[in-house]
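Summary of structural features
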Amino acid sequence: MAAVQEMARLQRMLFEVEREFVRTATTFIPRVGEVELKYLLCQHVWESAGHARFIRERGREMSGFGKGDSVCESYRTVFEEAIRVDDPLVGLAAFYQILKPALLSAYRHYLEATHHLADWPSRKLVEEFIVDEKRHLNEIEPYLEGVEAGESGERFKGALDSLGGWLGERESTPLPEDFKWIGKEIPYRHPETCNRGDYPVCSSAYGYDPAEFPIVRSWMEDPKTDARVIRLTIYIWLMMELDAVDYLATVFYDTPDASFDMHFDLARHLWDESRHSAFGYKQLPKFGVDLSKLEHSLELYNILIHMSPPERYAMMTMEFEASSFPTKAIIMDRVRELNDFEADTLLAFDRNDEQQHVRYGHRWLPEIMKLFGEEGPVDAFVESAKARFNELAKTHGTKTPHSLPADERITGNTLLKIAGVA
Ligand SMILES: [Fe+2]
Ligand SMILES: [Fe+2]
């Protein structure tokens, strides 16, 4: 069985690299400002989680894959090192110019090393992953033009070379004696606020005054509101789900001992939220909304980042998501009046995804609580998280001033004009 065991061992290593990529690449999501780059990273994280899942499934058919989901310390150290950069683009350059190409080489090595007929089931997977990895490198390229991993990149390269590549398939070069692992000395911290690049920002997009806020709460369920205004409002709501992308992205890194199944579902959740945000991002300009005048709300991230990972996840799934259904149902009915098939479709998929997210919440909240030693009943935990959220909102909630004056930014009144009802 030595031949099988050897290939299973390589699969285990590939699984661990993909897994650790998911846990650490997510830290860049709140740090980068470009909206479409955030979306792309969510997509890559989801696809990488998929690679890990299929490798694990195949690996478990083979003798020697090993039990459990944990990642070995040597991989963890390299990835930990690569996220500790001041400029997130430099970090991404390290990921995409050094760590991911090394993964591509590792997959190629697997193909060469295995028997094409005997190990055909693995071969099919690896061939597909090679196509994905090459595509990932192409897709990221426009965002990293002119960016180099530079000096820090040399360090990560050195670290990886000391392993002889992810699979030890190359000769290893020992690290210089004075090599210092920054990751072992400085703990990583998520940013206090999330980056939105050149986009204008504010604390919240939700309010009651149509001269101040783009999402006017009282309009959404008011039968007198024109359906075209409702459609614009829900697209803004969806686009603002980018905040969920940014705060959910922080949970992966913070739960290094989570099962892979949990991270797999979180990766799906993350990618779903990025697509929901993209629904608004892609549709709004078609209706004449100038996105450079639409402020992004940062409040939820700014508050949640001060809460523990289980509290963050509890607020997201058990409060924000679970309580959004009644309003969204009314909105879906109103939008249907417009005979806008695409809008109906987007909202239907959003609803379906959100139902799944609440299911994830029920499945994983007790597990994340356990990881943080929270042993009481889940309901009580959710209640105390809500109370703490409200308390923290006083300190961190309304701290982001409007980037734009009220007469320049998109508000409810602007939407009336765009919809042609004012
Ligand atoms: Fe969503
Ligand atoms: Fe959701």
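Residues numbered from 1 in each chain as written. Chains lettered and ligands numbered in written order. Predicted model: local features only at pLDDT ≥ 70, side-chain atom pairs only at ≥ 80, totals over all residues.

1. As for the overall build of the protein
Put simply, the test is: To qualify as a helix, a DSSP run of H or I must reach at least 4 residues; to qualify as a strand, a run of E must reach at least 2; elements of each kind are numbered from the N terminus. In this scheme every C-beta is placed from the backbone, and a residue whose C-beta has 20 or more other C-beta atoms within 10 Å is buried, one with 12 or fewer is exposed, and one in between is partly exposed. Once C-beta atoms are placed from the backbone, any two residues with those atoms within 7 Å are in contact.
Along the protein, the regular secondary structure elements total 17 helices and 4 strands. By principal-axis analysis of the C-alpha atoms, the protein measures approximately 75 × 45 × 40 Å. Scored against the burial criterion, the 422 residues of the protein give a buried share of 44%. Put simply, of all contacts in the protein between residues at least 6 apart along the chain, 83% involve residues at least 24 apart.

2. Observations regarding the nonpolar core
Spelled out, the test is: By definition, a nonpolar core groups buried Ala, Val, Leu, Ile, Met, Phe, Trp, Tyr and Cys residues that connect through C-beta atoms lying within 7 Å of each other. The split of the chain into domains comes from an automatic or database domain assignment.
Formed by 113 residues in total, the largest nonpolar core has its most connected members in Leu14, Val45, Leu99, Ile236, Leu248 and Leu270. Sort the elements by how many residues they give to this core and helix α4 (residues 88-113) lands first, with 13 residues. For this core, the domains that each give at least three residues are domain 1 (2-185) and domain 2 (201-419). Filtering out sequence-adjacent residues up to four positions away, Leu248 remains in contact with Leu266, His269, Leu270, Glu273 and Met316.

3. Some points on the domain arrangement of the protein
Rule in force here: Any residue outside Ala, Val, Leu, Ile, Met, Phe, Trp, Tyr, Cys, Pro, Asp, Glu, Lys and Arg is labelled polar, Gly included; the first ten of those are nonpolar and the last four are charged.
According to the domain assignment, the protein consists of domain 1 (2-185) and domain 2 (201-419). One C-alpha centre belongs to domain 1, the other to domain 2, and the line joining them spans 31 Å. Each partner contributes residues to the interface: domain 1 has 20 residues there, and domain 2 has 20 residues. Here the side of domain 1 that touches domain 2 gets 11 residues from one element, more than from any other, and that element is helix α2 (residues 35-59). Counted by class, the side of domain 1 that touches domain 2 contains 10 nonpolar, 4 polar and 6 charged residues.

4. Focus: unusual backbone geometry
With glycine set apart, most residues show a phi of negative sign, and most peptide bonds adopt trans. Notably, Asn339 is not glycine yet its phi reads approximately 50°, a positive angle. Relative to the helices and strands, Asn339 resides in the loop between α14 (325-336) and α15 (341-371). Residue Asn339 is classed as exposed on the basis of its 8 C-beta neighbours within 10 Å.

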